[in-house]
Amino acid sequence: MTTIDPSLFEDLQARGLIAQTTGGDALTEYLAEGGRTLYSGFDPTADSLHIGHLVPLLALKRFQQAGHKPIALVGGATGLVGDPSFKAAERKLNTPDIVAGWTQKLKDQVSRFIDFECGDNSAEVVNNLDWVGQMNVLDFLRDVGKHFSVNNMINKESVKQRIDREGSGISFTEFTYMLLQSYDFAELYKRYECTLQIGGSDQWGNITGGIDLARRMYGGEAFGMTLPLVTKSDGTKFGKTESGTVWLDPDKTSPYAFYQFWLATADADVYKFLRYFTFLPMAEIVEIEEADRAGEGRPQAQGVLAREMTALIHGVEGLQAAERITDALFSGSLDQLGETDLMQLKLDGLPSSTLSRGDLGEKPLTQWLVDAGMAASGKQVKDALGRDAVLINGEAISFERNLDAQACFAEELARYQRFYIVKLGKKKYHLFEVL
RNA sequence: GCAGGGGUUCCCGAGUGGCCAAAGGGAUCAGACUGUAAAUCUGACGCGAAAGCUUCGGUGGUUCGAAUCCACCCCCCUGCACCA
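Residues numbered from 1 in each chain as written. Chains lettered and ligands numbered in written order. Predicted model: local features only at pLDDT ≥ 70, side-chain atom pairs only at ≥ 80, totals over all residues. Heavy atoms only, no water.

1. A few points about the protein's contact with RNA strand B
Logical step 1: Taken together, 33 residues sit near RNA strand B, with Asp267, Thr326, Thr366, Lys426 and Lys427 positioned nearest.
Logical step 2: The contact atoms of RNA strand B, taken as those within 4 Å of the protein, divide so that sugar and phosphate hold 58%.
Logical step 3: Between RNA strand B and the protein, one listed contact pairs a base nitrogen with a side-chain N or O atom of Gln260 at 2.9 Å.
Logical step 4: Between RNA strand B and Lys428 there is a distance of 3.4 Å, counted from a sugar or linking oxygen to a side-chain nitrogen or oxygen.
Logical step 5: When contributions to the surface near RNA strand B are tallied by element, the ones reaching two or more residues are α13 (255-263), α16 (301-330) and α19 (378-385).
Logical step 6: For the surface near RNA strand B, the element with the highest residue contribution is α19, accounting for five residues.
Logical step 7: In terms of residue class, the surface near RNA strand B is made up of eight nonpolar, 14 polar and eleven charged. (Near = heavy atom within 4 Å. Polar contact = N/O pair within 3.5 Å; in protein donor to acceptor, adjacent residues only side chain to side chain. Helix = DSSP H or I, 4+ residues; strand = E, 2+ residues; numbered from the N terminus. Nonpolar A, V, L, I, M, F, W, Y, C, P; charged D, E, K, R; others polar.)

Quick look at the structure:
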């Protein structure tokens with residue numbers, strides 16, 4: 001028997017991780033009484049999860065640590081349809097084979113966060129295509145559709161803007177999404193006695209739909225709980241950087257970039273993020289917060305957050321790699337880097353490219369940097385050049401030298417005859433190896 | 001199918017024959033200030049180092065000149081019709 005941690009709910013509450021629940025106190029008691037089975041769904045809308053998915057994913061882990069059995073559902077079926085909840089416009093459908101590929105990737109990713117070998121409350125990963133894919137239309141309409149009232153569905157807040165707003169609309173396909181997700185819950189209730197679904201607060205409508213359906217189809221009592229949508233104090237979208245979404249896949253977002261993302265968290269958000277994302281005990285987080293408030297200068301919270309998150313997602317090795325690069329680049333000791341250090345930085349995920357010395361004359365510096373992905377356009381590089389914001393191995397490059405890339409990457413400037421660390425702006429680094 | 005309204009640069013959204021690479025806002029990037037924060041200020045923001053080149057759903061026209069006018073086509077929205 002696994003032991004149940006009765007303080008789970010309290011902890012979640014203290015972390016601000018509970019947006020809404022059904023059942024009120026009944027749910028708290030229900031969870032405290034014994035090991036329960038819960039699930040959260042992840043639709044394959046890309047080939048990787050991103051940090052926006054972390055809150056529900058880590059919540060599954062929190063429940064598991066407290067003794068409950070988590071099920072991660074990957075939406076091989078729902079991903080084919082598209083969730084309209086709070087989306088401004090209809091989405092493009094992806095082909096079944098693409099979605100199938102993504103489903104597999106997400107399954108692998110999700111699996112790394114929950115424990116599959118811990119006895120009674122071992123995790124499960126399921127794919128809703130396994131049951132939805134078999135179903136025929138008439139069964140669906142008769143067994144599932146009959147339990148839903150269109151009148152209620154169109155009144156859901158999550159689809160309201162699609163219904164009300166001039167210039168938008170919703171297809172029957174997306175409108176039906178809620179039925180599929182509800183059916184998932186009912187099915188998991190039947191198969192695993194899964195009685196709790198968690199998800200982002202945008203999922204409230206879909207979750208309550210599932211609770212109702214489980215009751216109507218099987219007479220079961222089920223619960224729902226939503227987690228807050230992560231917002232930033234400045235109103236911009238969480239999880240995006242200049243280079244795009246922050247993915248969990250290290251091939252899409254390197255551990256270094258991942259680490260840097262968390263390190264750049266605004267003061268106004270950092271303590272909230274420590275609560276939301278890390279497994280540090282609440283007491284410790286409060287301590288950090290108080291220490292920062294009392295101390296002068298730069299707070300320590302961002303560093304803690306970055307280390308915790310990078311270790312959690314990319315393991316200790318990923319964290320070490322990220323820290324190696326960060327130390328090398330930001331502690332002002334570029335000169336101290338040896339040849340092997342430079343090569344290691346490349347392996348660690350510092351963005352890098354290899355150029356051929358003979359080709360350098362072909363393009364101006366701006367173009368080389370754009371090609372390397374350091375800037376979106378030559379204009380941006382030009383702007384930086386004019387402000388002495390482009391450094392090659394520590395030396396500022398003036399605008400006039402732009403045309404002569406040969407001279408910018410002169411041999412006598414090279415480290416170990418071939419390495420150049422180019423810095424654009426305050427934070428963007430790129431390692432060029434010129435052979 | 002018919003009628004009406006739309007499709008503008010990342011997003012929102014002005015522009016209805018030249019002064020338009022296209023207002024304004026947001027986002028983003030860079031600089032100053034800082035702590036690899038925030039706020040604020042400054043600059044950039046279709047592509048190009050530049051000369052210049054390419055854009056306003058698509059194609060073809062009218063015109064010295066089109067995002068703006070015309071024709072056809074594609075797509076979206078609303079209503080009506082069809083389904084009855």
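2. Observations regarding the packing of α13 against α16
Logical step 1: Relative to each other, α13 and α16 sit at 95 degrees, their axes nearing to 7 Å. Classified by the angle their axes make, α13 and α16 are roughly perpendicular.
Logical step 2: Tallied by class, residues from the contact of α13 with α16 come to 15 nonpolar, seven polar and two charged. (Axes fitted to C-alpha atoms, helices over the stretch in contact; angles between N-to-C directions. Parallel < 35°, antiparallel > 145°, perpendicular 65-115°, else oblique.)

3. As for the side chain of Ser353
Logical step 1: With respect to the helices and strands, Ser353 occurs in strand β9 (residues 352-355).
Logical step 2: Of the residues examined, Ser353 reaches a relative accessible area of 17% and is grouped as buried.
Logical step 3: In terms of polar contacts, Ser353 uses its side chain to reach the side chain of His430, at 2.5 Å. (Buried < 20%, exposed > 50% of the residue type's maximum accessible area, 1.4 Å probe, protein only.)

4. Observations concerning the sheet that holds strand β1 (residues 20-21)
Logical step 1: Overall, mixed pairing links the six strands, which are arranged β1-β6-β5-β2-β3-β4 in an open sheet. If you trace the sheet from one side to the other, it starts and ends with β1 and β4 (124-127), each paired once.
Logical step 2: Where strand β3 (residues 69-74) lies against β4, four bridges are found, and the strand directions are parallel. Note that in β4 the partner of Val74 across the bridge is Asn127.
Logical step 3: Across the sheet, helix α5 (residues 96-111) lies against β2 (37-42), β3 and β4, angled at about 165 degrees from β4, the strand it touches most.
Logical step 4: Contacting β2, β3, β4, β5 (194-200) and β6 (223-227), helix α11 (residues 177-192) crosses the sheet at an angle of about 145 degrees to β5. (Pairing = 2+ DSSP bridges. Contact = heavy atoms within 4.5 Å.)

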